[in-house]
Amino acid sequence: MEWKIQLKTRGLNQWMLEAEQSLTEVRDLLDILETQEAQLGNVWKSSAMELWENEFHLLLIKVRRRLKEMQKLILCLHEAARTLAQAEKEMESIINGI
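Definitions and limits used
- Residues numbered from 1 in each chain as written.
- Predicted model: local features only at pLDDT ≥ 70, side-chain atom pairs only at ≥ 80, totals over all residues.
- Heavy atoms only, no water.
- Salt bridge = Lys/Arg side-chain N within 4 Å of Asp/Glu carboxyl O.
- Helix = DSSP H or I, 4+ residues; strand = E, 2+ residues; numbered from the N terminus.
- Buried < 20%, exposed > 50% of the residue type's maximum accessible area, 1.4 Å probe, protein only.
- Axes fitted to C-alpha atoms, helices over the stretch in contact; angles between N-to-C directions.
- Parallel < 35°, antiparallel > 145°, perpendicular 65-115°, else oblique.
- Left-handed = near helix turned anticlockwise from the far one by under 90°.
- Nonpolar A, V, L, I, M, F, W, Y, C, P; charged D, E, K, R; others polar.
- Phe/Tyr/Trp six-rings, centres within 6.5 Å; stacked < 30°, edge-to-face > 60°.

Visitor: What should I look at first to understand the pattern of salt bridges in this one?
Guide: Oppositely charged side chains can form a pair if their charged atoms are brought close together. Summed over the entire model, instances satisfying the criterion amount to 4 salt bridges. Arginine 64 is the partner of aspartate 31 in a salt bridge, and the nearest nitrogen-oxygen pair spans 2.9 Å. Placement of the pair is aspartate 31 in helix H1 (residues 9–43) and arginine 64 in helix H2 (residues 47–97), with a sequence separation of 33 residues. Aspartate 31 sits in the partly exposed class, given a relative accessible area of 38%. Residue classification places arginine 64 among the partly exposed residues on the basis of a relative accessible area of 25%.

Visitor: Sorry, what's going on with the packing of H1 against H2 here?
Guide: In a packed pair of helices, the relevant descriptors are the angle between the two axes and the axis-to-axis distance. At a minimum axis separation of 10 Å, H1 and H2 run at an interaxial angle of 165°. For the element pair H1 / H2, the angle class is roughly antiparallel. Considering the relative orientation of H1 and H2, their crossing is left-handed. Each residue belonging to the contact of H1 with H2 can be placed in one class, and the counts come to 21 nonpolar, 6 polar and 8 charged.

Visitor: Please explain the packing of aromatic side chains as it appears in this structure.
Guide: Within a pair of aromatic rings, the relevant descriptors are the distance that separates the centres and the angle that separates the planes. All chains considered together, the criterion is met by 2 aromatic pairs. With 6.5 Å between their ring centres and 45° between their planes, tryptophan 44 and tryptophan 52 make a pair best called tilted. Between tryptophan 52 and phenylalanine 56, the ring centres sit 5.2 Å apart and the planes meet at 15°, which makes this aromatic pair stacked. Remark: phenylalanine 56 and tryptophan 52 occur in helix H2; sequence separation between them is 4 residues, near one turn of the helix. Residue class for phenylalanine 56 comes out buried when judged on its relative accessible area of 11%. Taken together, the aromatic side chains of Trp44, Trp52 and Phe56 make up a single cluster linked through ring pairs.

Note that every value here comes from positions in space, so none of it alone points to a role or purpose.
Here's what the structure looks like:
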């Protein structure tokens, strides 16, 4: 019987790094958007601006909440990846001992 083992930890770690970078980029863009919104508030003074601003802040809160949830999921995935990496090391050790 021929055994074929595919190690997936490296690919998973790369994906997680890319996901974390994407989340950082989104947070940076949200910060820029907030700054621009504040500057707009200095120029556009009206009741329409107040309504728009209120909706903007509600949406911003929702987006930031989702980003935090995604970050928590990535942390859980990191833990699973560490466990997977340890299992892969153990399998390699067993195979090398055969």
